[in-house]
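One letter stands for each residue in the lines below.
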Amino acid sequence: MTDSVSTVPVPEAVGKLYDRLTLTALDDGTFNPNIHIGFWDTPDSEATLEEAVDRLTDVLTERLAVDESSSVLDVGCGVGGPGLRVARRTGARVTGISISQEQVKTANRLAEEAGLADRAAFTHGDAMKLPFADGSFDAVMALESIIHMPDRQQVLTEAARVLRPGGRLVLTDIFERAPRKEVPHPSIQKFCRNFMVTLADADDYVGLLHRSGLRLRGLLDITEHTQQRTFQELSRPAAGGERPEALGQTNLPDLFQPSDMLGVDEFGCLLVAAVRP
Ligand SMILES: C[S@@+](CC[C@H](N)C(=O)[O-])C[C@H]1O[C@@H](n2cnc3c(N)ncnc32)[C@H](O)[C@@H]1O
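Values in this document were obtained by computation on a predicted structure and should not be read as measured data. (Residues numbered from 1 in each chain as written. Predicted model: local features only at pLDDT ≥ 70, side-chain atom pairs only at ≥ 80, totals over all residues. Heavy atoms only, no water.)

Novice: Which residues make up the overall build of the protein, and what are the values?
Specialist: Scanning the protein from terminus to terminus reveals 8 helices and 7 strands. A compact globule built from 277 residues would reach a C-alpha radius of gyration of about 19 Å, and the protein, at 18 Å, matches this within 12%. Viewed in the frame of its principal axes, the protein has a C-alpha envelope of about 50 × 40 × 40 Å. Buried residues in the protein amount to 54% of all 277 residues. For the protein, the proportion of contacts with a sequence separation of at least 24, taken over those separated by at least 6, is 80%. Counting 28 positive and 41 negative side-chain charges, the protein places the centres of these two groups 4 Å from one another. (Helix = DSSP H or I, 4+ residues; strand = E, 2+ residues; numbered from the N terminus. Rg over C-alpha atoms; globule rule 2.2 N^0.38 Å. Buried < 20%, exposed > 50% of the residue type's maximum accessible area, 1.4 Å probe, protein only. Contact = heavy atoms within 4.5 Å. Lys, Arg positive; Asp, Glu negative; His and termini not counted. Charge placed at Lys NZ, Arg CZ, Asp CG, Glu CD.)

Rendered as structure tokens:
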């Protein structure tokens, strides 16, 4: 695995970052149950950012192919928005795991409030060593979370271990699209530093999945449906920006703002689907 931006994220530090982001958002009224980009089916789609964000959850859910008899693991579940949507729309039982204690607390509160606590439960833990028995899930989803994990191979191996034979994995990741530069665009570097993220190498995914014992079902560049439009929407004045205190930022010139990414179309998004044979 070659990450284009080299600092390896430390799970405990990522957990603290998301603790701060969660508490700040709850405090200043910017709380959002989803923490991922949007998916627009066509360039002229008039869907709002909020609708497009739910649409990306649904794009993943379609590939999970789960129903009320299924048990789903949401790896890097955030504050529960996607997991609760899967539970509500499919009837599946959802277990979420996040490295942020504050996210887990909030996600369980949202599950209670939505009347879904009997079907959706969120727990604190590290995706690098999942606290679940072998073969205990019919499907695993990981929406924009593997980007923060120190070893993609380890995450995929753990996902494969907890899947039953025939179980499906669907995830999104970020990568640098061709033609790749020797040094990634400064805005991509800034994004990676601010959010403790590394980029995947799309070429590595076939081998990563193979070594994890998973069979590739699909590897799709969904950038045209997701990234640039998301950053355009987030750059609108009403959307606000990133808050330095939540990011633990003291070095203000290095603070990432969504508008930094406008026109940086090499910042790509991958949709990966696999099955445990
Ligand atoms: C960008 S957020 C996405 C959250 C959620 N999937 C969503 O779409 O709303 C990244 C998530 O990955 C989680 N995460 C990062 N590293 C992790 C790790 N090592 N183990 C478990 N969760 C982790 C974070 O705590 C956070 O919940």
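Back to the text.
Novice: Hey, could you go over unusual backbone geometry for me, with residue numbers and the actual values?
Specialist: With an omega of -5°, the peptide bond running from A178 to P179 counts as cis. Within the fold, P179 resides in the loop between β5 (163-176) and α6 (186-195). A positive phi angle is found at A65, which is not glycine, with a value near 50°. With respect to the element layout, A65 can be found in the loop between α2 (49-64) and β1 (71-75). One non-glycine residue, M196, lies in positive phi territory at about 55°. Checked against the element boundaries, M196 lands in the loop between α6 and α7 (205-212).

Novice: Hey, could you go over the packing of helix α1 (residues 11-28) against helix α4 (residues 101-113) for me, with residue numbers and the actual values?
Specialist: Put simply, α1 and α4 touch, their axes get as near as 7 Å, and they point 45° apart. The angle between α1 and α4 places the two elements in the oblique class. In contact with Y18, D19, T22, L23 and L26 of α1, α4 contributes Q101, E102, Q103, T106 and R109. Here the contact of α1 with α4 is composed, by residue class, of 3 nonpolar, 4 polar and 3 charged. (Axes fitted to C-alpha atoms, helices over the stretch in contact; angles between N-to-C directions. Parallel < 35°, antiparallel > 145°, perpendicular 65-115°, else oblique. Nonpolar A, V, L, I, M, F, W, Y, C, P; charged D, E, K, R; others polar.)

Novice: Tell me about the side chain of S100, and name the residues and values.
Specialist: With respect to the helices and strands, S100 occurs in the loop between β2 (93-98) and α4. Owing to a relative accessible area of 0%, S100 belongs among the buried residues under this scheme. A polar contact of 3.0 Å, which involves the side chain of S100, links it to the backbone nitrogen of Q103. Beyond its immediate stretch of four places on either side in the chain, S100 contacts G15, Y18, D19 and H124. (Polar contact = N/O pair within 3.5 Å; in protein donor to acceptor, adjacent residues only side chain to side chain.)

Novice: Tell me about the site of the ligand, and name the residues and values.
Specialist: Surrounding the ligand, one finds 22 residues, the nearest of these being I35, H36, G76, Q103 and L143. The side chain of D126 places a nitrogen or oxygen atom 2.8 Å from a nitrogen atom of the ligand. Note that a nitrogen atom of the ligand is positioned 2.8 Å from one of the backbone N or O atoms of A127. Here the ligand loses 99% of its free accessible area of 590 Å² to cover by the protein chains. The dominant element in the shell around the ligand, judged by the number of residues it contributes, is α1, at 3 residues. In terms of residue class, the shell around the ligand is made up of 10 nonpolar, 10 polar and 2 charged. (Near = heavy atom within 4 Å. Areas by Shrake-Rupley, 256 points an atom, 1.4 Å probe, with all protein chains shown as cover.)

Novice: Describe in detail the pairing of strand β7 (residues 267-275), supporting the description with residues and values.
Specialist: In terms of residue burial, β7 counts as a mostly covered element, since 9 of its 9 residues are buried. Judged by which residues are buried, β7 turns out to be covered on both faces: F267, C269, L271, A273 and V275 on one side and G268, L270, V272 and A274 on the other are all buried. Pairing between β5 and β7: 9 bridges, direction antiparallel. Within β7, the position partnered with E176 by the bridge is F267. Alignment of strand β6 (residues 215-221) against β7, held across 6 bridges, turns out to be antiparallel. Across the sheet, residue G218 finds its bridge partner in β7, namely A273. (Pairing = 2+ DSSP bridges.)

Novice: Can you explain the nonpolar core? Please cite residues and give values.
Specialist: By size, the foremost hydrophobic cluster in this structure holds 30 residues, and its most contacted members are L73, V140, L156, L169, L171, Y205 and L209. For this core, the secondary-structure elements that each account for two or more residues are β1, β4 (137-142), α5 (152-162), β5, α7 and β7. Looking at this core element by element, the count peaks at 5 residues for α5. Setting aside its immediate chain neighbours within four residues, L156 contacts I146, L169, L171, Y205, L208, L209, S212 and L214. Residues V66, C77, A120 and A139 belong to the second largest nonpolar core, which totals 29 residues. (Core = buried A, V, L, I, M, F, W, Y, C linked by side-chain atoms within 4.5 Å.)

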